[in-house]
Amino acid sequence: MTEVLKKYSRASSFGAFAAAPMYPGAPRIAFAPANEGTGGSDDGAGDDADAKAAADKAAADKAAADKAEADRLAAEKSGDDKDKDRGLLREVMEKKGEIKTLKDQLAKFEGIDPDAVRALIEEKRNAELAAEEAKGNFARVKEMMAEEHAKDKKSLSDQIADLQKQLAEKDGTINDLTVGRSFSESKFIGEDLVLPRAKARAIYSSHFEVVDGKIVGYDKPASAKDRTQIVDAAGQPVSFDEAIKRIIDADPEKDSLYRDKAKAGAGSASAKIEAPKDKKEEKGLFGAARILAGLNATK
């Protein structure tokens, strides 16, 4: 027993355990200690820890970079917003300055009646005119009258120009609601012409006017001289479609404006069919002479 313990103690001192032989002469089996041979696992665990630490550091660096970029963009946006705010503030202050200037100028005329001022100016002018007449300074009187006439003429011209502008705008509105609508709804333009309605209107709308509430067509555009209304046999203006048809027919390029309505079918022939060359011409023959010529041609 003592001998066995000594062997066990000696084996344990080398970090191994030797199993006793099952029978005399059997080989001994030695078992390595529990921690022997696990050095590789410890090394693998260390590598995993290093990889995890590196990944964590990379993630932290990326997060820091993203935050820095976000801060930079926010700073730029804030700077742009501040620039816009400064620009708006500058514009508002300029407008306020202009308004204050106008108010100061308007304050000078507080309590003043414009009609009374005009009356005083007119009275002063008449007094000056009478004084010059009394002095016999008719040249000055004539000059003053010419100046007043020029002022009145300019005022009248401005009023006429304004009225003409308003009238032109109204005429344009009326033209859109009448002549323009006629071009949009014309059956002739839609079915017989290759021109789009808008282009037809751009080219030929100047041939039409509204007279006494009716659309009247002319053979020439508005800018041409000696233009004539397109009328029927009774002297009444024709319909829009009839007027535009006559205008198109008078156009030198009318053949290119009409739509080709011929439809090729199974029995249609593209080649021109000519009469037999041996057939005699029958020009100038009528009645019995034409019949006789036809009978002779069949012999």
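The structure displayed is predicted, hence computed values, not measured ones.

Can you help me understand the overall build of the protein in this one?
Per the secondary structure count, the protein includes ten helices and four strands. When its helices and strands are written in sequence order, the protein yields α-β-β-α-α-α-α-α-α-β-β-α-α-α. Looking at the protein alone, contacts between residues at least 24 apart form 34% of all its contacts between residues at least 6 apart. For the protein, the computed accessible surface area is about 24300 Å², with 58% contributed by carbon and sulfur atoms.

Is there a simple way to explain the packing of aromatic side chains in this structure?
Geometry of an aromatic ring pair is reported as the spacing of the ring centres plus the angle between the planes. Taken as a whole and assessed by the stated rule, the structure comprises four aromatic pairs. On the numbers, 5.8 Å between centres and 90 degrees between planes, the contact of Phe183 with Phe208 is edge-to-face. Within this pair, whereas Phe183 is found in helix α5 (residues 179-185), its partner Phe208 is found in strand β3 (residues 208-211), the two being separated by 25 residues in sequence. One aromatic cluster is present, built from ring pairs that chain together Phe183, Phe208 and Phe240. Seen from the ring of Tyr218, Arg227 lies directly overhead, with NZ or CZ sitting 3.9 Å from the centre.

For this particular structure, what's the right way to read helix α4 (residues 138-177)?
Within an α-helix, residues lying three or four positions from one another point in the same direction, as the helix has 3.6 residues per turn. Between the first and last C-alpha of α4 there are 58 Å, a value that for 40 residues agrees with the 58 Å anticipated at 1.5 Å per step. Buried within α4 are the following residues: Val141, Met144 and Glu148. In the core, the buried residues of α4 are packed alongside α3 (114-135).

Even after reading the chapter, I still don't get the pattern of salt bridges, so can you show me in this structure?
For side chains bearing opposite charge, pairing can occur when the charged atoms are close. Applying the stated rule across the entire model yields eleven salt bridges. Among the ionic pairs, Lys67 bridges to Asp71, the shortest N-O distance being 3.2 Å. Here the residue Lys67 and the residue Asp71 both occupy positions in helix α2 (residues 39-107), the gap between them amounting to four residues, near one helical turn. Using a relative accessible area of 54% as the deciding quantity, one classes Lys67 as exposed.

Is there a simple way to think about helix α8 (residues 240-249) in this case?
Among the residues making up α8, those that are buried are Phe240, Ala243, Ile244, Ile247 and Ile248. The buried side chains of α8 occupy one side of the element, clustering within an arc of 135 degrees when seen end-on. Check the buried side of α8 and you find it contacts α5, α6 (187-192), α7 (197-204), β3, β4 (214-217) and α9 (254-257).

Would you mind going over the pairing of β3 with me for this structure?
Here is the key point about a regular strand: its side chains alternate between the two faces of the sheet. Where β3 meets β4, four bridges bridge the pair, whose relative direction is antiparallel. If you follow Phe208 over to β4, its bridge partner there is Gly217. Here β3 folds back onto β4, and the loop between the two strands holds two residues, one of which, Asp212, carries a positive phi near 55 degrees.

Can you help me understand the nonpolar core in this one?
With 17 residues, the main nonpolar core has Phe183, Ile189, Tyr204, Phe208, Ile244 and Ile248 as its most contacted residues. At the level of elements, α5, α6, α7 and α8 are the ones that each hand at least two residues to this core. Among the elements that line this core, the one with the most residues is α8, at five residues. With residues near it in sequence (within four places) discarded, Phe208 still touches Val179, Phe183, Ile215, Val216, Gly217, Phe240, Ala243, Ile244 and Ile247.

Even after reading the chapter, I still don't get the environment of Ala130, so can you show me in this structure?
In this structure, Ala130 sits in helix α3. Along the sequence, Ala130 and Val141 sit eleven residues apart, while their C-alpha atoms lie 8.4 Å from each other.

Mind showing me how you'd approach the confidence of the model for the protein here?
Segments scoring low in pLDDT should not have their predicted coordinates read at a detailed level. With 72% of its residues at a pLDDT of 70 or more, the protein has an overall mean of 76. When pLDDT is averaged over each helix and strand of the protein, the minimum, 49, is found for strand β1 (residues 17-19) and the maximum, 95, for α8. Note that pLDDT drops below 50 for residues 11-17; the model gives that stretch twelve contacts with residues more than four away or on any other chain. Every residue in residues 36-40 is under pLDDT 50, and counting partners more than four places away or in other chains gives one contact.

Could you clarify how one ought to interpret a nonpolar patch on the surface in this entry?
Taken together, the side chains of Phe109, Ile112, Val117 and Ile121 define a hydrophobic patch exposed on the protein surface, amounting to about 370 Å² of accessible area. For Val117, the position within the fold is in helix α3. On the basis of relative accessible area, Val117 is assigned to the partly exposed category, the value being 32%.

Sorry if this is basic, but what is going on with the packing of α3 against α4 here?
To characterise two packed helices, one gives the angle between the axes of the helices and the distance between these axes. Interaxial distance between α3 and α4 falls to 8 Å at its minimum, and their mutual angle equals 155 degrees. Judged by the angle between their axes, α3 and α4 are roughly antiparallel. Between α3 and α4 the crossing geometry is left-handed. Contacts between α3 and α4 involve Arg125, Glu128, Leu129, Glu132 and Glu133 on the former and, on the latter, Phe138, Arg140, Val141, Met144, Met145 and Glu148. Looking at the contact of α3 with α4 residue by residue, the class counts come to five nonpolar, no polar and six charged.

About the criteria used
- Residues numbered from 1 in each chain as written.
- Predicted model: local features only at pLDDT ≥ 70, side-chain atom pairs only at ≥ 80, totals over all residues.
- Heavy atoms only, no water.
- Helix = DSSP H or I, 4+ residues; strand = E, 2+ residues; numbered from the N terminus.
- Contact = heavy atoms within 4.5 Å.
- Areas by Shrake-Rupley, 256 points an atom, 1.4 Å probe, with all protein chains shown as cover.
- Phe/Tyr/Trp six-rings, centres within 6.5 Å; stacked < 30°, edge-to-face > 60°.
- Lys NZ or Arg CZ within 6 Å of the ring centre and 35° of its normal.
- Expected span 1.5 Å × (residues − 1).
- Buried < 20%, exposed > 50% of the residue type's maximum accessible area, 1.4 Å probe, protein only.
- Salt bridge = Lys/Arg side-chain N within 4 Å of Asp/Glu carboxyl O.
- Arc of directions from axis to C-beta.
- Pairing = 2+ DSSP bridges.
- Core = buried A, V, L, I, M, F, W, Y, C linked by side-chain atoms within 4.5 Å.
- pLDDT = per-residue confidence, 0-100.
- Patch = residues over 30% accessible without salt bridge, like charges linked within 9 Å, V, L, I, M, F, W, Y side chains within 5 Å.
- Axes fitted to C-alpha atoms, helices over the stretch in contact; angles between N-to-C directions.
- Parallel < 35°, antiparallel > 145°, perpendicular 65-115°, else oblique.
- Left-handed = near helix turned anticlockwise from the far one by under 90°.
- Nonpolar A, V, L, I, M, F, W, Y, C, P; charged D, E, K, R; others polar.

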